[in-house]
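# Coordinate analysis (summary)
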Amino acid sequence: QVQLQESGPGLVKPSETLSLTCTVSGGSISSYYWSWIRQPPGKGLELIGYIYYSGTTTYNPSLRSRVTILVDTSKNQFSLNLNSVTTADTAVYYCARVVRSSLYFDSWGQGTLVTVSS
Amino acid sequence: QSALTQPASVSGSPGQSITISCTGTSSDVGYYNYVSWYQQHPDKAPKLIIYDVSNRPSGVSNRFSGSKSGNTASLTISGLQVEDEADYYCSSYTTSSARVLFGGGTKVTVL
């Protein structure tokens with residue numbers, strides 16, 4: 001059973017870059033898409049983007065100008081960078097595995113709260 | 001791209017059946033049979049309960065079922081139980097560059 005674990009700072013200052021890493025265990029990072037999804041406090045889910053193990057990415061158009069998702073197959077990890085953050089980026093950030101055929105999310109990390117505040 | 005439309009809340013008594021709707025457009029819900037549903041308990045990660053409109057992952061109770069008609073997908077929970085009290089989100093493939101849309105979520109309350 002694949003497991004995902006997010007890691008990174010829980011507090012980021014406005015205008016700085018939010019950086020998170022997701023470590024995949026119990027399975028290979030190959031042959032799947034891997035995604036970042038966020039959930040502001042008390043609100044719904046928002047896809048940030050996803051990456052194939054080959055490095056091909058797809059981003060939410062509303063965040064595309066600020067987002068970079070990378071994959072490191074040697075470490076079975078993928079990462080998220082979101083730059084120029086504001087308080088509106090405060091959210092629980094989840095990493096999740098994406099089933100390629102129909103783009104559903106079958107395994108999720110536990111999530112990590114990132115607060116943007118000075 | 002607008003989120004898919006779900007009712008904010010649905011409630012039912014134990015043992016009853018409830019249905020949650022998820023309305024999109026011909027560019028998402030109505031385009032492919034690529035609708036999925038997620039259950040989220042408070043302070044927990046979402047859990048996949050339905051994929052490809054009506055398929056259940058291994059281990060998910062058969063009290064959960066999914067269907068679709070036109071641009072609206074539905075999740076039915078039969079034999080409602082206390083542990084079903086949670087938030088439920090639909091998701092769909094979309095032909096837009098976003099590729100995936102989520103619904104706004106529905107809070108299910110067991111009376």
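The structure we're discussing is the one just above.
These notes cover the structure that comes with them. (Residues numbered from 1 in each chain as written. Chains lettered and ligands numbered in written order. Predicted model: local features only at pLDDT ≥ 70, side-chain atom pairs only at ≥ 80, totals over all residues. Heavy atoms only, no water.)

Bringing the overall build of chain B into the picture now. Of the regular secondary structure elements, chain B holds 0 helices and 9 strands. The C-alpha atoms of chain B give 13 Å as radius of gyration, which agrees with the globular expectation for 111 residues (13 Å, within 12%). Taken along the three principal axes of its C-alpha coordinates, chain B extends 40 × 25 × 25 Å. Per-residue burial for chain B yields a buried fraction of 45% across its 111 residues. Expressed as a percentage of contacts within chain B between residues at least 6 apart in sequence, the contacts between residues at least 24 apart total 57%. Here chain B displays about 5,000 Å² of accessible surface, and carbon together with sulfur accounts for 43% of that area. (Helix = DSSP H or I, 4+ residues; strand = E, 2+ residues; numbered from the N terminus. Rg over C-alpha atoms; globule rule 2.2 N^0.38 Å. Buried < 20%, exposed > 50% of the residue type's maximum accessible area, 1.4 Å probe, protein only. Contact = heavy atoms within 4.5 Å. Areas by Shrake-Rupley, 256 points an atom, 1.4 Å probe, with all protein chains shown as cover.)

A separate point is the packing of aromatic side chains. Residues and elements named next belong to chain A. Taken as a whole and assessed by the stated rule, the structure comprises 18 aromatic pairs over all chains. Taking the centre distance of 5.8 Å and the plane angle of 40 degrees together, the rings of W34 and F78 count as tilted. With W34 in strand β4 (residues 33-39) and F78 in strand β8 (residues 77-82), the pair connects residues that are 44 residues apart, well separated along the chain. With respect to class, W34 is no different from F78; both count as buried. Here the guanidinium or amino end of R97 rests over the ring plane of Y32, the centre of that ring lying 3.9 Å away. (Phe/Tyr/Trp six-rings, centres within 6.5 Å; stacked < 30°, edge-to-face > 60°. Lys NZ or Arg CZ within 6 Å of the ring centre and 35° of its normal.)

In short, geometric facts, not functional conclusions.
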